[in-house]
Amino acid sequence: MSLKIVVLAKQVPDTRNVGKDAMKADGTINRAALPAIFNPEDLHALEQALRLKDAHPGSTVTLLTMGPGRAAEIIREGLYRGADNGYLLTDRAFAGADTLATSYALATAIRKIGKPDIIIGGRQAIDGDTAQVGPQVAEKLGLTQITYTEEILNVEEGTGRIVAKRHIDGGVETVEGKLPIVITVNGSAAPCRPRNAKLVQKYKRALGAQEKAAITKEGAALPYAGLYDERPYLNIAEWSVADVDGDVKQCGLSGSPTKVKAIENISFQAKESRTLTGSDADVESLIVELLANHTIG
Ligand SMILES: Cc1cc2nc3c(=O)[nH]c(=O)nc-3n(C[C@H](O)[C@H](O)[C@H](O)COP(=O)(O)OP(=O)(O)OC[C@H]3O[C@@H](n4cnc5c(N)ncnc54)[C@H](O)[C@@H]3O)c2cc1C
């Protein structure tokens, strides 16, 4: 039984080194100021998808990412690890999207890709940290969902029954569902396989239209231009709102009920920290303090 699998993967700012110009005055992220990476839990999701492809010959793995032109990097990273193709959902109208608008755009693009058996993404993105998009996509497509997945144990030939292990507080649980289904994958799942050297050679010149435009902006020639006609798989598909028959009003800032009220850069001062030993007295004084300022209790 071959499976049609769509992996939702987000390009995120590397929040491990956020500088003071990380946020714009309008409350949206200044993506140009931060190194961009593959959202860590989406790499775990990609690995689960590739394992299903290994186990079910004839299956396909398609990357889907919404972001600016440079997010084509996410598609390349997926191709280097064994994905078959990918789509970059990119349009100024998608900018500033909250999770509702993001899930609308992704669900609309998934309908254009056409009825996948499995839609799999990370549990959470390290920038918005809401863990809302996966469940919202399931809701918009009217599909069953299994969240916090640690491992997909089996997809039964013929019946489409899927069995998965979930990471829950204090343990794991084994659940089953039926295809088509949305799965979100936890960071405790198996790490993603590394790039495959042969696939890096094959796809290293893969580019999206915006990347090509950026290279040839000042009249510079596009390196290996002829390759893009010879090898169509080197052209990373870019989809606008119109390409996916989307409703602009439900996209980006206009489709986002979440309004960022204010952004405050918080940087802790030394005087605000206190070193505690493990002694009962220290731990007790900490608990008393946290109770007093209502952090706990
Ligand atoms: C600091 C900060 C706070 C925010 N707070 C909120 C908030 O409270 N409410 C709100 O609605 N929005 C919020 N946002 C906006 C939110 O980040 C974006 O809407 C984002 O596109 C999706 O939400 P998320 O990052 O929380 O993703 P999550 O819901 O945590 O992502 C879960 C999974 O969905 C998939 N996914 C998410 N985004 C994409 C994408 N662009 N392309 C492909 N797959 C994707 C990935 O598989 C990802 O692992 C916030 C953004 C920032 C930077």
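Refer to the preceding data block for the structure.
Treat the numbers as computed from the prediction; the structure is a model and nothing was measured. (Residues numbered from 1 in each chain as written. Predicted model: local features only at pLDDT ≥ 70, side-chain atom pairs only at ≥ 80, totals over all residues. Heavy atoms only, no water.)

Student: Pulling in residues and values, what's your account of the pattern of salt bridges?
Tutor: Tallied over the full model, the rule gives 15 salt bridges. In this structure, the salt-bridge partner of K10 is D127, at a minimum N-O distance of 2.8 Å. Of this pair, K10 sits in the loop between β1 (4-8) and β2 (11-13) while D127 sits in the loop between β6 (118-122) and α4 (133-141), placing them 117 residues apart in sequence. K10 gets classed as partly exposed once you look at its relative accessible area, which sits at 28%. A salt bridge links D247 to K249; the nearest nitrogen and oxygen atoms lie 3.5 Å apart. D247 sits in the partly exposed class, given a relative accessible area of 24%. Overall, the relative accessible area of 63% leaves K249 in the exposed class. Several salt bridges share partner residues, and in doing so they unite E47, R51, D54 and R193 into one network. (Salt bridge = Lys/Arg side-chain N within 4 Å of Asp/Glu carboxyl O. Helix = DSSP H or I, 4+ residues; strand = E, 2+ residues; numbered from the N terminus. Buried < 20%, exposed > 50% of the residue type's maximum accessible area, 1.4 Å probe, protein only.)

Student: Which residues make up the pairing of strand β7 (residues 144-155), and what values do they have?
Tutor: Relative to strand β10 (residues 181-185), β7 runs parallel, the two sharing four bridges. When the bridges of β10 are listed, T149 appears paired with V185. From the end of β7 to the start of strand β8 (residues 161-168), which pair antiparallel, there are five residues, and G158 there has a positive phi angle of about 85°. (Pairing = 2+ DSSP bridges.)

Student: If you had to explain the environment of N154 to someone new, which residues and values would you point to?
Tutor: Looking at where N154 falls in the secondary structure, it is placed in strand β7. N154 sits in the partly exposed class, given a relative accessible area of 36%. Distance in space between the C-alpha atoms of N154 and N186 is 17 Å, their sequence separation being 32 residues. Here N154 is in contact with R161, I162 and V163, once residues within four sequence places are set aside. (Contact = heavy atoms within 4.5 Å.)

Student: I'd like a rundown of the packing of helix α3 (residues 99-113) against α4, residues and numbers included.
Tutor: Orientation of α3 relative to α4, taken along the N-to-C sense of each, is 50°, at an axis distance of 9 Å. The angle between the axes of α3 and α4 places the two elements in the oblique class. Where α3 crosses over α4, the two elements pack in a sense that is right-handed. Contact residues: T99, L100, T102, S103, Y104, L106, A107, I110 and R111 in α3; V133, Q136, V137, K140 and L141 in α4. Class assignment for the residues of the contact of α3 with α4 results in eight nonpolar, four polar and two charged. (Axes fitted to C-alpha atoms, helices over the stretch in contact; angles between N-to-C directions. Parallel < 35°, antiparallel > 145°, perpendicular 65-115°, else oblique. Left-handed = near helix turned anticlockwise from the far one by under 90°. Nonpolar A, V, L, I, M, F, W, Y, C, P; charged D, E, K, R; others polar.)

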